[in-house]
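What the coordinates show
Given next are the chains, with one letter for each unit.
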Amino acid sequence: MKYVDEFRDGALARGIANAIRAEADPARSYRFMEFCGGHTHAIARYGLEDLLPPNVRMIHGPGCPVCVLPVSRIDAAIRLAAEPGVTLCSYGDMMRVPGSDGMSLLKAKAGGADIRMVYSTLDALRIAGEVPHREVVFFAIGFETTTPPTAVAIKMAERQRLANFSVFCNHVLTPAAMRALLTGAGGVPIEGFVGPAHVSTVIGMAPYAFCATEFAKPVVIAGFEPLDVMQAVLMLVRQVNDGRHDIENEYARAVTPAGNRKAQALVAELFEPRAAFEWRGLGSLPLSALTLRPAYARFDAEARFTVETVAAADNPACDCGAILRGLKRPPDCRLFGKVCRPEAPVGACMVSSEGACAAHWSYGRFREHAKANDNTRAETNEQVPA
Amino acid sequence: MTFAAKILKPRHGRLDLRAGRVELSHGSGGRAMAQLIAEVFQPALGNAFLAQGNDQAILPPAGGRLAMTTDGYVVSPLFFPGGDIGSLAVHGTVNDLAMAGATPLYLTASFIIEEGFPLADLVRIAVSMGRAARAAGVPVVTGDTKVVERGKADGVFISTAGVGVVPAGLDLSGDRARPGDAVILSGSIGDHGVAIMSCRENLKFDTEVRSDSAPLHGLVAAMVAAAAPHLRLMRDPTRGGLAATLNEIAQQSGVGFAVDEARILVKPQVAAACELLGLDPLFVANEGKLLAVVEPAGVDAVLGAMRAHPFGRDAAHIGTVVKDEHRFVQMTTAFGGGRIVDWLAGEQLPRIC
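Residues numbered from 1 in each chain as written. Chains lettered and ligands numbered in written order. Predicted model: local features only at pLDDT ≥ 70, side-chain atom pairs only at ≥ 80, totals over all residues. Heavy atoms only, no water.

We apply this condition: UniProt positions are given in the numbering used here, feature names are shortened, and annotations may be inferred rather than shown by experiment.
Going by the annotation in an unreviewed UniProt entry, the name recorded for chain B is Hydrogenase expression/formation protein hypE, with Blastochloris viridis given as the source organism. UniProt lists a comment for chain B under the heading Sequence similarities (unreviewed entry), and it reads "Belongs to the HypE family."

In the nomenclature of an unreviewed UniProt entry, chain A is known as Hydrogenase maturation factor of Blastochloris viridis.

Notes on the overall build of chain A
Convention followed: Runs of H or I in DSSP of at least four residues are treated as helices and runs of E of at least two as strands, each being numbered from the N terminus. As a reference, a globule follows 2.2 Å times the number of residues to the power 0.38, and the radius of gyration itself is taken over C-alpha atoms. Accessible area is worked out with a 1.4 Å probe on protein chains only. A residue is then buried under 20% of its type maximum, exposed over 50%, and partly exposed in between. Accessible areas in this description were obtained via Shrake-Rupley with a 1.4 Å probe; residue shielding takes into account the shown protein chains only. Residues scored as positive are Lys and Arg, those scored as negative are Asp and Glu, and His as well as the terminal groups of each chain are ignored. Here the site of a charge means atom NZ of a Lys, CZ of an Arg, CG of an Asp or CD of a Glu.
A count of helical and extended segments in chain A gives 16 helices and 13 strands. Over its C-alpha trace chain A gives a radius of gyration of 22 Å, about what one expects of a compact globule, namely 21 Å for 386 residues. Principal-axis analysis of the C-alpha atoms places the extent of chain A at approximately 70 × 45 × 45 Å. Within chain A, the proportion of its 386 residues that are buried is 58%. Total accessible area computed for chain A in this model is approximately 15,600 Å², and 54% of it derives from carbon and sulfur atoms. Of the side-chain charges in chain A, 41 are positive and 41 negative, and the distance between the mean point of each set is 2 Å.

Considerations on helix 12 (residues 261-270) of chain A
Residue and element names in this part refer to chain A. Counted only if it meets this: Taking the helix axis as origin, the arc is that swept by the directions to the C-beta atoms. We call two residues in contact when some of their heavy atoms are within 4.5 Å. Polar contact is the term for a pair of N or O atoms within 3.5 Å; when the atoms are in protein, one must be able to donate a hydrogen and the other to accept it, and sequence-neighboring residues count only if both atoms are side-chain atoms.
Those residues of helix 12 that fall on the buried side of the exposure criterion are Ala 263, Leu 266, Val 267 and Leu 270. Buried residues in helix 12, looked at end-on, bunch into an arc of 95 degrees, giving them a common side. In this structure, the buried side of helix 12 is in contact with helix 7 (147-159), helix 9 (198-203), strand 10 (271-273) and strand 13 (290-292). At the N-terminal boundary of helix 12, the capping side chain belongs to Asn 260, with an oxygen 3.2 Å from the backbone nitrogen of Lys 262.

Structural notes on the domain arrangement of chain B
Residues and elements named next belong to chain B. For the record, the criterion: Delimitation of the domains relies on an automatic or database domain assignment. Note: buried area is the sum, over both parts, of the accessible area (probe 1.4 Å) each one loses when the two are combined. Salt bridge criterion: a side-chain nitrogen from Lys or Arg within 4 Å of a carboxyl oxygen from Asp or Glu. Under the grouping applied here, Gly and all other residues not named as nonpolar or charged are polar, the nonpolar ones being Ala, Val, Leu, Ile, Met, Phe, Trp, Tyr, Cys and Pro and the charged ones Asp, Glu, Lys and Arg.
Per the domain assignment, the segments making up chain B are domain 1 (24-166) and domain 2 (182-340). Spacing between the C-alpha centres of domain 1 and domain 2 amounts to 27 Å. Across the boundary between the two partners, domain 1 contributes 19 residues, which contact 20 residues of domain 2. Around 1,600 Å² of area is buried between domain 1 and domain 2 when both sides are counted, 64% of it from carbon and sulfur atoms. Between domain 1 and domain 2 we count zero salt bridges in total. Here domain 1 is connected to domain 2 by seven residue pairs in polar contact (both at pLDDT 80 or more). Contributions of two or more residues to the side of domain 1 that touches domain 2 are made by strand 2 (79-80) and helix 2 (85-98). For the side of domain 1 that touches domain 2, the element with the most residues is helix 2, which contributes seven residues. A per-class count over the side of domain 1 that touches domain 2 returns twelve nonpolar, six polar and one charged.

Topic: the packing of aromatic side chains
Short version of the rule: Any pair of Phe, Tyr and Trp rings, taking the six-membered ring for Trp, is counted once the centres come within 6.5 Å. Such a pair is stacked with planes under 30 degrees apart, edge-to-face with planes over 60 apart, and tilted for the rest. By definition here, charges over rings are those cases where NZ of Lys or CZ of Arg is within 6 Å of the ring centre and within 35 degrees of the ring normal.
Inspection of every chain in the model, using the stated rule, returns ten aromatic pairs over all chains. Pairing Tyr46(A) with Phe335(B) gives two aromatic rings, centres 5.9 Å apart and planes at 65 degrees, and the pair type is edge-to-face. With Tyr46(A) in the loop between helix 2 (37-45) and strand 2 (56-63) and Phe335(B) in the loop between strand 12 (329-332) and strand 13 (338-340), the pair connects residues from two separate chains. Here the two residues Tyr46(A) and Phe335(B) agree in accessibility, since each one is buried. Between Phe41(B) and Phe111(B), the aromatic rings sit 4.5 Å apart at their centres with planes inclined by 50 degrees, giving tilted as the arrangement. Here Phe41(B) is found in helix 1 (residues 31-45), whereas its partner Phe111(B) is found in strand 4 (residues 103-114), with 70 residues between them in sequence. Each of the two residues, Phe41(B) as well as Phe111(B), counts as buried. Taken together, Phe35(A), Phe143(A) and Trp279(A) form an aromatic cluster joined through their ring pairs. It is Arg179(A) that lies over the ring of Phe210(A); its NZ or CZ is 4.5 Å from the centre. The ring of Phe79(B) is capped by Arg124(B), whose NZ or CZ atom sits 3.7 Å from the centre of that ring.

Section: the domain arrangement of chain A
Many structure descriptions define interface size as the accessible area lost when the parts assemble. All names here are of chain A. For chain A, the domain assignment lists domain 1 (5-63 + 186-249), domain 2 (71-171 + 260-305) and domain 3 (320-374). Taken over C-alpha atoms, the centre of domain 1 sits 21 Å from the centre of domain 3. At the interface, 17 residues of domain 1 touch 13 residues of domain 3. Asp 50 is paired through a salt bridge with Arg 367; the nearest N and O atoms lie 2.9 Å apart. Linking domain 1 with domain 3 are three residue pairs in polar contact (both at pLDDT 80 or more), by the criterion used here. When contributions to the side of domain 1 that touches domain 3 are tallied by element, the ones reaching two or more residues are helix 2 and strand 2. Ranked by the residues each element gives to the side of domain 1 that touches domain 3, the list is headed by helix 2, at six residues. Among the residues making up the side of domain 1 that touches domain 3, the classes are represented as six nonpolar, seven polar and four charged.

Structural notes on the interface of chain B and chain A
With 31 residues of chain B in contact, the opposing surface of chain A contributes 45 residues. For the pair chain B and chain A, the interface holds two salt bridges. Of the charged contacts in the structure, one is a salt bridge between Asp342(B) and Arg365(A), with a shortest N-O distance of 3.0 Å. Where chain B packs against chain A, one counts six residue pairs in polar contact (both at pLDDT 80 or more). Broken down by secondary-structure element, the contributors of at least two residues to the side of chain B that touches chain A are helix 7 (268-277) and strand 13 of chain B. By residue number, the principal contributor to the side of chain B that touches chain A is helix 7 of chain B, which donates five residues. Of the residues assigned to the side of chain B that touches chain A, the class counts are 16 nonpolar, eight polar and seven charged.

As for the side chain of Asp114(A)
All names here are of chain A. Take Asp 114: it is sitting in strand 4 (residues 114-118). Of note is the side chain of Asp 114, whose polar atom sits 2.7 Å from the side chain of Thr 87. At 3.3 Å, the side chain of Asp 114 forms a polar contact with the side chain of Arg 134. In this view, Asp 114 contacts Ala 81, Val 86, Thr 87, Leu 88 and Arg 134; residues no more than four positions away in its chain are not counted.

Examining the sheet that holds strand 4 of chain A
All names here are of chain A. Condition: Strands are labelled as partners when DSSP assigns at least two bridges between them. Interaxial angles span 0 to 180 degrees and are taken between N-to-C directions of axes, which are lines fitted to C-alpha atoms, for helices over the stretch in contact.
Pairing in this open sheet of four strands is parallel, and the strands run 4-3-5-6 from one edge to the other. The open sheet has two free edges, formed respectively by strand 4 and strand 6 (165-171), since each of these has just one partner strand. Averaged over all pairs of adjacent strands, the angle between strand axes in this sheet comes to 25 degrees, irrespective of strand direction. Two strands pair when backbone bridges link them, and strand 3 (residues 86-91) and strand 4 are joined in this way by five bridges, in the parallel orientation. Bridging from a neighbouring strand, Leu 88 pairs with Ile 115 of strand 4. Of the strands in this sheet, strand 3, strand 4, strand 5 (135-142) and strand 6 are in contact with helix 4 (residues 71-82), which crosses strand 6 at around 170 degrees.

Comments concerning the pattern of salt bridges
Residues and elements named next belong to chain A. Applying the stated rule across the entire model yields 31 salt bridges over all chains. For Arg 73, the salt bridge is made with Glu 302, and the minimal N-O distance between the two is 3.1 Å. Taken as a pair, Arg 73 in helix 4 and Glu 302 in helix 13 (residues 301-304) lie far apart in primary sequence, 229 residues in all. A relative accessible area of 25% places Glu 302 in the partly exposed class. Salt bridges linked by common partners bring Lys 155, Glu 158, Glu 269 and Arg 298 together as one network.

Written out as C-alpha cells, the structure reads:
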C-alpha cells in the first residue's frame, strides 16, 4: 500500500529506536502523552512499547471520541431512537457502547428501535431522502475531524430542502481537553504531547500554542502509522533534552500550519461552543464542545425533540479519570480485567478499542504476566531460558 | 416435507423461472411445491439418492467412524464475488467434516425461502449448490423446502448437514496441540470477509476482492497422505477469523501460541480494504483456508503436500505452540514489537476516524 507500507518498515523503526535510546538521558525519565486514541491503538497494535527504552514511557490520553462521550448522552441517543417515527443513524463504533443499565444502541435496535449503522453522514442523508415520513436523526460524535462532514451534511440537507433530517450534536474540542489535562489537579505529569493527527489536518498547529507558551510543554503532531509515532517520540526527546517547548509537525504530509481553512469556516458558520460539556472520565469542561447555531436550529435534534440528558454517574471504583491523566496505568485499576473488559466495559477507557484500557487488555496485558513470571523466576533464582 | 416430489405431478404450465417469484404455496406441501422441487431443485442437485423420492435417503454402509456436522447459512448479500450462498453452504459443510480428516460423503440441504423471492435467483443458488457438490464429489442426498411470509426471512437461508467417514487411526482434535508443535496456515487471510463487505451498501471498492470459498477435503487428504501421524489438528478459520481459531485451540488444548505477523499472508487489496475500514484482517472471515497444528517432525512433509495442492499453494509456517498457563496468542508484529491477539469483543465494527 503506497503511503502506508513506507511507514511500517521494521528496519527503519529499529533505527529510530536506536536513536531514541542513544539520545534519551538515562538519568531522567520521559513521559509523553499521545492524545489520540488512534496513536494509542498504533502503539498497542504494533508493540511499540517494546522498542522504547524503559525511561521513555507513553501515557494514553483521552482522545477517543467514543470513550469520552458520557453515559447521559448515550442514554439520550437511545431515548431519541425510541421516539415513535424516529430513525437514528450512528457510526458503527458507537453501537456497542453501554449507557445506563447496560443498554446500548445495539440492544435498543434488537428491542425494535429503528437504528441504522452508517459509514458517513451522507448515508444518513440518503436514508432521510428514502424515508420522508420518518424523522432521521444523525448521532454526531467526534473531535474536529468528524465535525466538517456533519456540517456538510447539514448544508446539503438545507439545499435539498430535507425537512426530516437533524443532528444530535456531540462534537468535542481537542484544545479544551488538553488544557483541562494541564490545569487539572496537580496537572498531568508529562514532558510533552504526541499531538493529534487528523484533528490537526483541520485546525492546523496554532490551537496548541498555549501548551508551549503557558505550560512549557512541547507538542509534536504525528501521523497514525507506527513510524510516525516513533519519529514523534524522538523529536520530543530532543526537545526535552534541548529545553525547548515548540509545536512541531512530524505529519507534514497532511498537516499544514493553518489547517483546512474552508472546513474551519464551515464549522464556524454552523456551530458555536457550548458553555460546558460533560466528558467521561474528565468531568464537565468549559467551552469543550459544539452545538448548532440558532440559525440552524431546525437541523438540531436537541431543539426539535425533547432530549432529556439525565446525569448518570460513572462507577466510583473506576479509575478512568486518573488513567486519562496519566496518574495510573490500566492494570492499576481494580476493575481492570475483572468486571471491566471490552465485552462489558465499565469505564470510558475500556469502551472503544482505542481507549487506553481496551488497548492494553486487547494487545498488551501479556506484559504484566511476563513481568510477574520474571519476578517469580528472580525470587526463585530460576534460570530464564534464552 | 422433503424433496420427495417425484410421485406428484406438477401443475399445468411450467414455472416462470425468469420473472416468477416464490409464493407461500411453494412451501405448502402440495402440487406447487412439487413443481418447485421438480423444476428448480431436482435439475440442479439431482443424483441417484435424491431420485429415490423418499422422505429420507437410504445410504450404504460407510465403513469407519462417522463424522457428522450441521451448519446454517444466512450470508448477506446472497451473491458475492467468488461465490454465493449455495456454493458456500456446500464448501462450509464439506470443510467442517474435512477438518477432522474425514472424507465427506453426503450432504443434506434445507431451504427457508422468503415469499416473493425471485425464482431466477433461487435457480441460480440451486445450480451453484449442485455444481459445488458435484465438484466436491459430495451429493446432496435429501432436502427440505419451507416458504415463510414476506419480511420473515432475508431472501434465502440454507441449513445443511454433512456426513463423512474418518480413516482408521486418524485422530485430529482441538485439544491435541502441544508445546513445540508448528502452526501452519494454508494461504492468505481475510479474502471472504472483505469480499462480502465490499458488496454491501456504499462500500464499493475499485479492486475486486474475491471470496476464497472452496472445499478443502482434497487438500486435507493430501496432508493426511503425506504426514498423518504428525498431524495434531486442523481447523478452518471462518467467522472470527484466524484470531478466534487460535484462541479456541489455545483454550481447548491449554496452551499458548507464538505467531509471527510477517509470515501471515494478507493480499494487498485485502490489507487496503481493512485499512480503509479500520478492520484487522486477523479477525476477518475465511471460507477456503485451514490452520494445521503439526508435530515438528512432520512440518516439511505437510508443507510440501500443501504447496503442491491448488488450495495450499501459499501455505506457510506461521508460528509455534508454546507453554502458557494464560493461554495467550502472542504475536511478533511485522514492526518488531510484541502484542497479543485476543478474542474479538462483539462484532468488528468500522472505526469513525
